[in-house]
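Residue strings, one per chain:
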Amino acid sequence: MLKIGDKMPDFEVVNQNGEVVRSADLLGKKTIIYFYPKDNTSGCTAEACNLRDNHEALIARGWNVVGVSKDSAASHQRFIAKYDLPFTLLADTSTEMIQAFGAWGEKKLYGKPYMGTLRRTYLFDEAGILQEIIEKVDTKNHAAQILG
């Protein structure tokens, strides 16, 4: 589990276009990395659209927004097209990145436990040092949690 002051874990995954993105590629700019369970589900769509609707305000504050789930690049392309999302989505189909960040854990569906992606957001400074973790994400007001 990451703690405030930790360096961004090393990772190498593909984005929605199949292009390789490495942790080093995100250095030099403040970066929001948000983990979400699944493209096109109600909570994940609300969260993505809230970040989309507030993207200009986030950019004005110097933030780069990156979403991550275990969905495929093709699924991300469809999600981006359907909701006109202006930011990068990373396809961590192996869950290695999700696990490295501590965003993988036990969840429950109808009382039955299973392992899955936890909805978490990590805010990194330009040097890739963790400044804040948002564990209780308000999907409809997530940008306000970040900007607040």
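Just above, that's the structure.
Residues numbered from 1 in each chain as written. Predicted model: local features only at pLDDT ≥ 70, side-chain atom pairs only at ≥ 80, totals over all residues. Heavy atoms only, no water.

## Let's talk about the pattern of salt bridges
For the record, the criterion: Salt bridges are defined by distance alone: a side-chain nitrogen of Lys or Arg within 4 Å of a carboxyl oxygen of Asp or Glu. Helix and strand assignments follow DSSP, with helices taken as H or I runs no shorter than four residues and strands as E runs no shorter than two, numbered in order from the N terminus. For every residue, the accessible area (1.4 Å probe, protein chains only) is compared with the maximum for its type, and the residue is labelled buried under 20%, exposed over 50%, or partly exposed between those bounds.
This structure, assessed with the given rule, holds seven salt bridges. Here Arg 119 ties to Glu 47 by a salt bridge, and the two come within 2.7 Å at their closest N and O atoms. With a gap of 72 residues between them, Arg 119 in the loop between β7 (112–117) and β8 (120–124) and Glu 47 in helix α1 (residues 42–53) connect regions that are remote in the sequence. Its relative accessible area of 21% is what places Arg 119 among the partly exposed residues.

## Observations regarding the pairing of strand β1 (residues 12–15)
Counted only if it meets this: Whether two strands pair comes down to DSSP finding at least two bridges between them.
As judged from the three bridges shared by β1 and strand β2 (residues 20–22), these two strands associate in the antiparallel manner. Bridge assignment links Val 13 to a residue of β2, and that residue is Val 21. Sheet analysis places β1 next to strand β5 (residues 88–91), joined by two bridges and oriented antiparallel. Bridge pairing in β5 places Val 14 opposite Ala 91.

## Describing helix α3 (residues 73–83)
Formally: Summarising the geometry, the arc corresponds to the directions from the helix axis toward the C-beta atoms. Contact between two residues is taken to exist if any of their heavy atoms lie within 4.5 Å; hydrogens are not considered.
Looking only at α3, the buried set comprises Ser 75, His 76, Phe 79 and Ile 80. In an axial view of α3, the angular spread of the buried residues amounts to 135°, which keeps them on one side of the axis. Across from the buried face of α3, at angles greater than 90 degrees, the exposed residues are Arg 78, Ala 81 and Lys 82. Of the surrounding secondary structure, the elements contacted by the buried residues of α3 are α1, β4 (63–69) and β5. Residue Asp 84 follows α3 closely and has a positive phi angle near 55°.

## Digging into the nonpolar core
The line we're drawing: As used here, the term nonpolar core means buried Ala, Val, Leu, Ile, Met, Phe, Trp, Tyr and Cys residues forming a set that is joined through side-chain atoms within 4.5 Å.
Grouped together as the largest cluster of nonpolar side chains are 19 residues, with contacts concentrated most on Tyr 34, Leu 51, Phe 87, Leu 89 and Ile 146. Of all the secondary structure elements, the ones that give two or more residues to this core are β3 (30–35), α1, β4, α3 and α5 (142–147). Here this core gets three residues from one element, more than from any other, and that element is α1. Apart from residues no more than four positions distant in its own chain, Ile 146 is found in contact with Ile 32, Leu 51, Leu 58, Trp 63, Thr 121, Leu 123 and Ile 134. The next biggest cluster of nonpolar side chains, apart from the first, holds 18 residues, and it includes Val 21, Leu 26, Phe 35 and Val 66.

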